[in-house]
Amino acid sequence: MIEQHNKKQQAGGTAIQEHDEHEHVHAHDGHGHDHDHEHAPGILGWLQHTFAHSHDVSERIDSTMETSARGIRALKISLVALLITSCIQLAVVVMSGSVALLADTIHNFGDATTSIPLWIAFALAARGASRRFTYGYGKVEDVAGIAIVGVIFFSACVAAYASAMKILHPVPMTHLGAVVFASLVGFVGNEAVAVFRIRTGKAIGSAALVADGLHARIDGFTSLAVLIGVAGTWLGYPIVDPIVGVLITVAILFIVRDTAKSVWSRLIEGIEPEILAEIEHAPMHVAGVVEVHAARARWVGHRVFADLHITVDPAMSVEESHAIVEKVEKSLIEHVPAFGEAIIHVCPEEK
């Protein structure tokens, strides 16, 4: 049996295994480059090394740091926007006594706090891989998802309690115009955050950030639901206000369910079928690849890690098969969204 292994890079790279029947060979991890040249020490040497080797560890680390920085920036901006939105709504709640608006305000405060665990996750991901955490800290993002589900569920419980108390102990709503204004502020604030989070999440491949953005979009429409309570009170039916609060609570619980399903899928290594299809298809763009089989993939944070077998001509040399693997990796980078790393096994075609 022949086995050729690229040395595993800490933050990325490609490992190769090549099978035959008679020999056992271990090859160096090089990419066909001449490594006799020297690099300057310190920061200058690091920069020179980064730009001299397109497949190097530093490029992978830079990519992770860049996407994590973009994620953190999106979270900072959305956190501030939601806090401002929630504070405006809270002031109106105190004035008006609207329980529907209170439920929406509580939920918006909850949404703002969900930015914190994701912020921590992105900050840890920027640290890259280590000898203990060889895949990096990407999985912390999934753990943050559990915290987010907990916060959203807690906000639903508080909103349900407030609505029940308003039904049992009715208090008339006042300052209807201010409640209308606060409802519109909630919609605009949530929609702005939704657009920003979804756009950034798709750009960096973060399912958690996209899910948070979709969550904010739904919240925007729950903010508009407060207008129904205002209309009911204006028409002489103040009971409509706490009923709307209950309906908002139900909407929050649906969000909890959908978010929990998404987080659970990531925790048990679920992958979208369309991403796996791209992983199976991308290597076929490379001349010399006969077949792709036994492909697997999983998310590590907001990066896709893959493991696949490719079939090549058995007459190929180790050097030729290694060159094909490098081309396969480039094709995966081009075709697979949020591609992080692949282990590629090279198998001889059966004649």
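Here the structure is shown first, and the text comes after it.
Quick look at the structure, then. Everything numeric in this text was worked out from a predicted model, so none of it was measured. (Residues numbered from 1 in each chain as written. Predicted model: local features only at pLDDT ≥ 70, side-chain atom pairs only at ≥ 80, totals over all residues. Heavy atoms only, no water.)

What to know about the packing of aromatic side chains
Move 1: For the coordinates displayed, the defined rule picks out 2 aromatic pairs.
Move 2: Aromatic side chains phenylalanine 133 and tyrosine 137 sit 4.8 Å apart centroid to centroid with 40° between the ring planes, which places their arrangement in the tilted category.
Move 3: What makes phenylalanine 133 partly exposed here is its relative accessible area of 38%.
Move 4: Over the aromatic face of tryptophan 299 sits the side chain of arginine 266, whose NZ or CZ is 4.0 Å from the ring centroid.
Move 5: Directly above the aromatic system of tyrosine 135 lies the positively charged group of arginine 298, at a separation of 4.6 Å from the ring centroid. (Phe/Tyr/Trp six-rings, centres within 6.5 Å; stacked < 30°, edge-to-face > 60°. Buried < 20%, exposed > 50% of the residue type's maximum accessible area, 1.4 Å probe, protein only. Lys NZ or Arg CZ within 6 Å of the ring centre and 35° of its normal.)

Some points on the side chain of aspartate 142
Move 1: Its location among the elements puts aspartate 142 in helix α4 (residues 140-168).
Move 2: For aspartate 142, a relative accessible area of 5% translates into the label buried. (Helix = DSSP H or I, 4+ residues; strand = E, 2+ residues; numbered from the N terminus.)

Some details on the pattern of salt bridges
Move 1: Under the criterion given, the structure shown has 6 salt bridges.
Move 2: Across the pair lysine 139 and aspartate 142 runs a salt bridge whose closest N-O atoms are separated by 3.2 Å.
Move 3: Here aspartate 258 and arginine 257 are joined by a salt bridge, their closest N and O atoms 3.0 Å apart.
Move 4: What makes arginine 257 partly exposed here is its relative accessible area of 44%.
Move 5: If you follow the salt bridges from partner to partner, you end up with Lys139, Asp142, Glu269 and Arg298 in one network. (Salt bridge = Lys/Arg side-chain N within 4 Å of Asp/Glu carboxyl O.)

Section: the pairing of strand β4 (residues 339-348)
Move 1: Burial of β4 is extensive: 8 of the 10 residues sit out of reach of the surface.
Move 2: Relative to β4, strand β3 (residues 303-312) runs parallel, the two being bridged by 9 bridges. Within β4, the position partnered with valine 304 by the bridge is phenylalanine 339.
Move 3: For the handedness criterion, the β-α-β arrangement of β3, helix α9 (residues 318-335) and β4 is classed as right-handed. (Pairing = 2+ DSSP bridges. Right-handed = clockwise from strand over helix to strand, strands pointing away.)

Notes on unusual backbone geometry
Move 1: Of note, histidine 175 is a non-glycine position whose phi angle comes to about 50°, a positive value.
Move 2: By the element assignment, histidine 175 lies in the loop between α4 and α5 (176-204).
Move 3: For histidine 175, a relative accessible area of 45% translates into the label partly exposed.
Move 4: Notably, glutamate 269 is not glycine yet its phi reads approximately 65°, a positive angle.
Move 5: Take glutamate 269: it is sitting in the loop between α7 (240-267) and α8 (273-281).

Topic: a nonpolar patch on the surface
Move 1: Taken together, the side chains of Ile167, Trp234, Leu235, Tyr237, Ile239, Ile243, Val246, Leu247, Val250 and Phe254 define a hydrophobic patch exposed on the protein surface, amounting to about 1,000 Å² of accessible area.
Move 2: Looking at the nonpolar patch, the element that brings in the most residues is α7, giving 5 residues.
Move 3: Its place among the elements puts leucine 235 in the loop between α6 (207-234) and α7.
Move 4: Of the residues examined, leucine 235 reaches a relative accessible area of 57% and is grouped as exposed. (Patch = residues over 30% accessible without salt bridge, like charges linked within 9 Å, V, L, I, M, F, W, Y side chains within 5 Å. Areas by Shrake-Rupley, 256 points an atom, 1.4 Å probe, with all protein chains shown as cover.)

Some thoughts on the nonpolar core
Move 1: One finds Leu101, Leu118, Ile152, Val179, Leu209, Val226 and Ile248 to be the most contacted residues of the largest nonpolar core, which totals 31 residues.
Move 2: Only α2 (57-96), α3 (99-125), α4, α5, α6 and α7 provide two or more residues apiece to this core.
Move 3: The next biggest cluster of nonpolar side chains, apart from the first, holds 24 residues, and it includes Val286, Val289, Val292 and Ala338. (Core = buried A, V, L, I, M, F, W, Y, C linked by side-chain atoms within 4.5 Å.)

Things to note about the packing of α3 against α7
Move 1: In the contact formed by α3 and α7, the axes pass within 7 Å of each other and the chain directions differ by 25°. Accordingly, the angle class assigned to the pair α3 and α7 is roughly parallel. Contacts from Val99, Ala100, Ala103, Asp104 and His107 of α3 reach α7 at Asp241, Pro242, Val244, Gly245, Ile248, Ile252 and Ile255. (Axes fitted to C-alpha atoms, helices over the stretch in contact; angles between N-to-C directions. Parallel < 35°, antiparallel > 145°, perpendicular 65-115°, else oblique. Contact = heavy atoms within 4.5 Å.)

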